[in-house]
Amino acid sequence: MARHLITSALPYINGIKHLGNLVGSQLPADLYARYLRARGHEVMFICATDEHGTPAELAAAKTGEAVADYCKRMHAVQSELARGFGLSFDHYGRSSSPQNHALTQHFAGKLADNGLIREVEERQVYSIADGRFLPDRYIEGTCPNCGYDKARGDQCENCTKQLDPTDLIDPRSAISGSRDLEVRTTKHLYLRQSALKDEIAAWIDSKSDWPILTTSIARKWLNDGDGLQDRGITRDLDWGVPVKRGTEPWPGMEGKVFYVWFDAPIEYIAATAELADKLGEPDAFWRRWWRLDEGAEDVTYTQFMGKDNVPFHTLSFPATIIGSGEPWKMVDYIKSFNYLTYDGGQFSTSQGRGVFMDHALELLPADYWRWWLLSHAPESGDSEFTWENFQTSVNKDLADVLGNFVSRVTKFARSKFGETVPEGGDWGGRERALVADLAERLRAYEGFLDHREVRKAAAELRGIWVLGNEYLQAAAPWATFKTDPHAAAMQTRLGLNLIRLYAILSQPFVPFTSEAMLEAMQTGDRDWPADIGAALTILPPGHAFTVPEVLFAKITDEQRAEWEERFKGVRS
RNA sequence: GGGCCUGUAGCUCAACGGUCAGAGCAGGGCGCUCAUAACGCCUUGGUUGCAGGUUCGAAUCCUGCCGGGCCUACCA
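Please read all numbers here as calculations on a predicted model, not as lab measurements.

Describing the pairing of strand E2 (residues 42-49)
Alright, step 1. For E2, the tally of buried residues reaches 7 of 8 residues, placing the bulk of the element in the interior.
Alright, step 2. Across 5 bridges, the pairing between strand E1 (residues 3-8) and E2 is parallel. Bridge assignment links Thr-7 to a residue of E2, and that residue is Ile-46.
Alright, step 3. Of the strand pairs in this sheet, E2 and strand E3 (residues 91-94) are connected by 4 bridges, and their pairing is parallel. Looking at E3, one finds that Ala-48 is bridged to Gly-93.

As for the domain arrangement of chain A
Size of an interface: often given as the accessible area lost when the parts come together.
Alright, step 1. With domains assigned, chain A is organised as domain 1 (3-114 + 249-337), domain 2 (117-191) and domain 3 (370-535).
Alright, step 2. The C-alpha-based centres of domain 1 and domain 3 are spaced at 36 Å.
Alright, step 3. Between domain 1 and domain 3, the residue contacts involve 24 residues of the former and 19 residues of the latter.
Alright, step 4. Summed over both partners, the interface of domain 1 with domain 3 comes to about 2,000 Å²; 67% of that surface belongs to carbon and sulfur atoms.
Alright, step 5. It is Leu-31, Arg-34 and Tyr-35 in domain 1 that bury the most area against domain 3; as a group they hold 31% of the surface buried on that side.
Alright, step 6. Summed over the shared surface of domain 1 and domain 3, the result is 4 salt bridges.

A few points about the sheet that holds strand E4 (residues 117-127)
Alright, step 1. Across the sheet, 4 strands lie side by side as E5-E4-E9-E10; this open sheet has antiparallel pairing. Looking at the sheet topology across the chains shown, the edges are occupied by strand E5 (132-133) and strand E10 (231-232).
Alright, step 2. Judged from the 2 bridges that link them, strand E9 (residues 181-191) and E10 form a sheet pairing that is antiparallel. The residue of E10 that forms the bridge with Leu-191 is Arg-231.

Describing the pairing of E4
Along any regular strand the residues' side chains alternate between the sheet's two faces.
Alright, step 1. Looking at chain direction, E4 and E9 are connected through 11 bridges and run antiparallel. Across the sheet, the residue bridging to Gln-124 is Arg-184, located in E9.
Alright, step 2. Pairing of E4 with E5 involves 2 bridges; the strand directions are antiparallel. Within E5, the residue paired with Tyr-126 across the bridge is Phe-133.
Alright, step 3. Between E4 and E5, which follow one another and run antiparallel, lie 4 residues, and Gly-131 among them has a positive phi close to 65°.

Structural notes on helix H7 (residues 260-279)
Alright, step 1. Given a rise of 1.5 Å per residue, 20 residues ought to cover 28 Å, and the 27 Å separating the end C-alpha atoms of H7 matches this to within 8%.
Alright, step 2. The largest bend in H7 comes to about 45°, at Tyr-268.

Overview of the packing of aromatic side chains
Alright, step 1. Overall, the coordinates contain 31 aromatic pairs when judged by the stated rule.
Alright, step 2. Between Trp-372 and Phe-385, the ring centres sit 5.1 Å apart and the planes meet at 75°, which makes this aromatic pair edge-to-face. Of the two residues, Trp-372 is situated in helix H11 (residues 366-375) and Phe-385 in strand E19 (residues 383-385); the sequence distance between them amounts to 13 residues. Accessibility assignment for this pair places Trp-372 and Phe-385 in one class, buried.
Alright, step 3. Centroid distance Trp-372 to Phe-390: 6.3 Å. Interplanar angle 70°. Geometry classified as edge-to-face. Residue Trp-372 is found in helix H11, and its partner Phe-390 is found in helix H12 (residues 387-417); the two are separated by 18 residues along the sequence.
Alright, step 4. Each member of the aromatic cluster is reached from another via a ring pair, and the members are Tyr-342, Phe-347, Trp-369, Trp-372, Phe-385, Trp-387, Phe-390, Trp-563 and Phe-567.
Alright, step 5. We note Arg-291 situated over the ring of Trp-328; from NZ or CZ to the ring centre the distance is 4.8 Å.

Concerning the pattern of salt bridges
Alright, step 1. In the structure shown here, the tally under the stated rule is 36 salt bridges.
Alright, step 2. For Arg-370, the salt bridge identified is with Asp-30, shortest N-O distance 2.7 Å. One end of the pair, Arg-370, is in helix H11; the other, Asp-30, is in helix H1 (residues 19-38), with 340 residues separating them in the sequence.
Alright, step 3. Asp-30 gets classed as buried once you look at its relative accessible area, which sits at 0%.
Alright, step 4. A salt bridge links Arg-83 to Glu-80, with the nearest nitrogen and oxygen atoms 2.8 Å apart. Of this pair, Arg-83 and Glu-80 both sit in helix H3 (residues 67-84), separated by 3 residues, roughly a single helical turn.
Alright, step 5. Among the residues examined, Arg-83 registers a relative accessible area of 53% and is labelled exposed.
Alright, step 6. Salt bridges here are not isolated pairs; linked through shared partners, they connect Lys-110, Arg-287, Arg-291, Asp-293, Glu-294 and Glu-326.

Criteria and cut-off values
- Residues numbered from 1 in each chain as written.
- Chains lettered and ligands numbered in written order.
- Predicted model: local features only at pLDDT ≥ 70, side-chain atom pairs only at ≥ 80, totals over all residues.
- Heavy atoms only, no water.
- Buried < 20%, exposed > 50% of the residue type's maximum accessible area, 1.4 Å probe, protein only.
- Helix = DSSP H or I, 4+ residues; strand = E, 2+ residues; numbered from the N terminus.
- Pairing = 2+ DSSP bridges.
- Domains from an automatic or database assignment.
- Contact = heavy atoms within 4.5 Å.
- Buried area = accessible area lost by both parts, 1.4 Å probe.
- Salt bridge = Lys/Arg side-chain N within 4 Å of Asp/Glu carboxyl O.
- Expected span 1.5 Å × (residues − 1).
- Bend = angle between axes of the 7 residues up to and from the residue.
- Phe/Tyr/Trp six-rings, centres within 6.5 Å; stacked < 30°, edge-to-face > 60°.
- Lys NZ or Arg CZ within 6 Å of the ring centre and 35° of its normal.

What follows is the structure, encoded as structure tokens:
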């Protein structure tokens, strides 16, 4: 039994996430967590909402709520959706928690003590009408290069030229449209990442087994131009973690907060502390996961994230931890994903293009989405969601291969032997061959999951399901029943036991269906099989079972057409 | 502009220097009838984007070109 710490990138608080967000971090992380728990390991699976930053403030302003209220409400919404998708977090925290405030301030204090913080005077655009400093991208104007009149302060989307907000002709606030802007001087803290460059580079170089996507992005940032740049870790905002040096005030930094990307990863740790507090446990409860000097030496830590998150997890957060000089647990493996695209284009939260978590659950049970998304996870490149592919895959894999297997076994058993596991007959060569085939495929399945190979694991699981259908076809209990009822009883008994086995093996992918299968088999024995032969005799002769409802109804052409139409436009 | 990833059967992908380039779906044929017209078996189908090069041997390594995607540090 090993100890596994697993974190999913934090979904931003600003609205309901789409399927692309889900498959890029939370869902594969959940798959891995469920698998490791099923194997008997001790797992701490952490996620949280990322609540700070300008977009949260603006989203709250739009609904007329105080930002704290907005975040509280949206956290509840996201939390409910996570439950709906079966995401088995041990804790779903909030980056705005008191625990995260304290820990973020602690890290900043340590970094300052170690000489890794410097103060920088900056000139930034202030909007008088909005009463706030504007991040570069929230300033709009005419591009001096191409004349495009909706260029943003960081870059012109039309000609892709990188810009400085002061380059813009006729600049205005993207929030209010106000032209009443001025450049003001403001002071900010910078994390001296450049001083830690060599240490971080050596650390990255030691991770030879990480996905290329992860290491290539890290190396790019480490080596590009002048190398790893120092990074501002404070902002002139109201909503966030107030800048403090540990528990002490930070002279000159009054009224400022830490940058959202500084406090967000720290929330992984703080969320674990939130859990301890919720359970009434002492600090040791969470520190044994995070402090090498307090019990975390034997922890394996895996992070899951979309590729846009990689720089922060390979560079900024490690810089924070290394720079603290304290023995915090660093990540052992970073699993990163490309993007899921929607019908040829991008999923878009702002444009409402694509399928979002709430709508997805209105249409179909979570397992349909979990299966499709995980079996098509964008591991090697971007992958595309189309309704046609979704319909075909789900109908074939879930309804025909798995669902129908359960259906044919239980209905046959009930009609010939009643609703108890039939007795009589002994295994022969065919059954032993099946066990051998299952054992071989199970080894492969476990290997893929151990290495977080999501798509391959899904393909292997499907192969395991197929073995059941192949066996039935070859054994043909409906035929043997006429000539040798004992043999038919044995074959049927094996089929029923296969259902229990499949429920256990499929649980990481389709947990709700897995539960329904176990319930139908009326068993609570969900031990991961150490020995397939033994696992297929757990349900003994005479054990009662029930015939479950159809596990997966097929998606009809009419449904597909309707959904295709409904989700191609703007979110309603 | 720079960098990274990617281009393999109609579709989605595997194979990451070495037996005839594999699998699922789709297409064709046969079988079965327990089952959600489901399942099983067999089968059609590829000059591995293009052009060179390295090697006994290349989808795989190198160079160039063409196409797709992403990143480029004050959105997160």
